[in-house]
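Below, each chain spelled out in residue letters.
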Amino acid sequence: MLMVSRARSTQVVTGLGLAAMLLLSGCGSDKPKPAAPTTTSHPATSKTTAPGDKKPAAVTVDVDNMKFAPADATVKVGDTVTWKFSDSVPHNVQGIGDRAMGINSPIFDKGEWSYTFTAPGNYRYLCSLHPQMRGSITVE
Ligand code: CU
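Just so it is clear, the model here is predicted, and its values are computed rather than measured. (Residues numbered from 1 in each chain as written. Predicted model: local features only at pLDDT ≥ 70, side-chain atom pairs only at ≥ 80, totals over all residues. Heavy atoms only, no water.)

### Focus on the coordination of the copper ion
Here comes step 1: The protein atoms that coordinate the copper ion are H91 (ND1), C127 (SG) and H130 (ND1), at distances of 1.9 to 2.1 Å.
Here comes step 2: Here the donor residues for the copper ion map to a single chain with the spacing H-x35-C-x2-H. In this pair, H91 is assigned in the loop between β4 (80-85) and β5 (94-95) and H130 in strand β8 (residues 130-139), connecting sequence segments 39 residues apart. Taken as a pair, H91 and H130 share a single burial class, namely buried. (Donors = N, O, S within 2.8 Å, 3.2 Å for Na, K, Ca; no water. Helix = DSSP H or I, 4+ residues; strand = E, 2+ residues; numbered from the N terminus. Buried < 20%, exposed > 50% of the residue type's maximum accessible area, 1.4 Å probe, protein only.)

See below:
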């Protein structure tokens, strides 16, 4: 107990010492530097691309009225599929089988979720909340 508290107080002292040194060194360099408001950097303007913006979805599957529409879609390797959730009850997209393991969306009330298919094949999926809701994506 004593050791611990002693170590802790030493750390605090060291921290204070560092802070004091930083403060001193900061004050030491008092070159005449007029406050120039023009040097303040403008907010970044290049930050306009959000992730997912760069590649539009090849297919959008509407998740509404307790179904996926279209239930079956075909895309090419490298294409992105976006599921758009707009039903009055929550849903998700969950792949069926090993191949479709990466297809695993959160549960959405409203919103969009995208998945990019990088290998050809047939990918089946369902809504794990309503397993009768099923769909598939064929990747060529
Ligand atoms: Cu559902």
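So, next bit.
### Considering unusual backbone geometry
Here comes step 1: A cis amide bond links A69 with the next residue in sequence, P70, at an omega value of 0°.
Here comes step 2: Topologically, P70 is positioned in the loop between β2 (67-69) and β3 (72-75).

### Describing the sheet that holds β8
Here comes step 1: If you walk across this open sheet you meet the 4 strands as β3-β8-β7-β5, and the pairing is mixed. Where the open sheet ends on each side, the last strands, each with one partner, are β3 and β5.
Here comes step 2: As paired elements, β3 and β8 share 4 bridges and run parallel to each other. Bridged to A73 within β8 is I137. (Pairing = 2+ DSSP bridges.)

### Here's the deal with the nonpolar core
Side chains of nonpolar character tend, in soluble globular proteins, to be buried together.
Here comes step 1: Ranked by internal contacts, the top residues of the largest apolar core, which has 21 residues, are F68, V81, W83, V93, F117 and I137.
Here comes step 2: Beyond its immediate sequence surroundings of up to four residues, I137 is in contact with A73, V75, V81, W83, F117, G121, N122, Y123 and Y125. (Core = buried A, V, L, I, M, F, W, Y, C linked by side-chain atoms within 4.5 Å. Contact = heavy atoms within 4.5 Å.)

### Topic: the side chain of D79
Here comes step 1: Mapped onto the elements of the fold, D79 is located in the loop between β3 and β4.
Here comes step 2: Under the relative-accessibility criterion, D79 is labelled buried at 18%.
Here comes step 3: One polar contact links the side chain of D79 to the main-chain amide nitrogen of K76, over a distance of 2.8 Å. (Polar contact = N/O pair within 3.5 Å; in protein donor to acceptor, adjacent residues only side chain to side chain.)

### Describing the pairing of strand β1 (residues 59-64)
Here comes step 1: Burial of β1 is one-sided: the residues V59, V61 and V63 facing one way are buried, the residues T60, D62 and D64 facing the other way are not.
Here comes step 2: The sheet contact formed by β1 and β4 spans 5 bridges and is parallel. Counterpart to V63 in the pairing with β4 is F85.
Here comes step 3: Hairpin geometry of β1 and β2 is characterised by an intervening segment of 2 residues between the two adjacent antiparallel strands and by a positive phi of about 50° at N65.

### Quick word on the confidence of the model for the chain
Here comes step 1: Looking at the chain, pLDDT values average 77 and 61% of them are 70 or higher.
Here comes step 2: The model gives residues 1-29 a pLDDT under 50, and that stretch makes 0 contacts with residues more than four places away or in other chains. (pLDDT = per-residue confidence, 0-100.)

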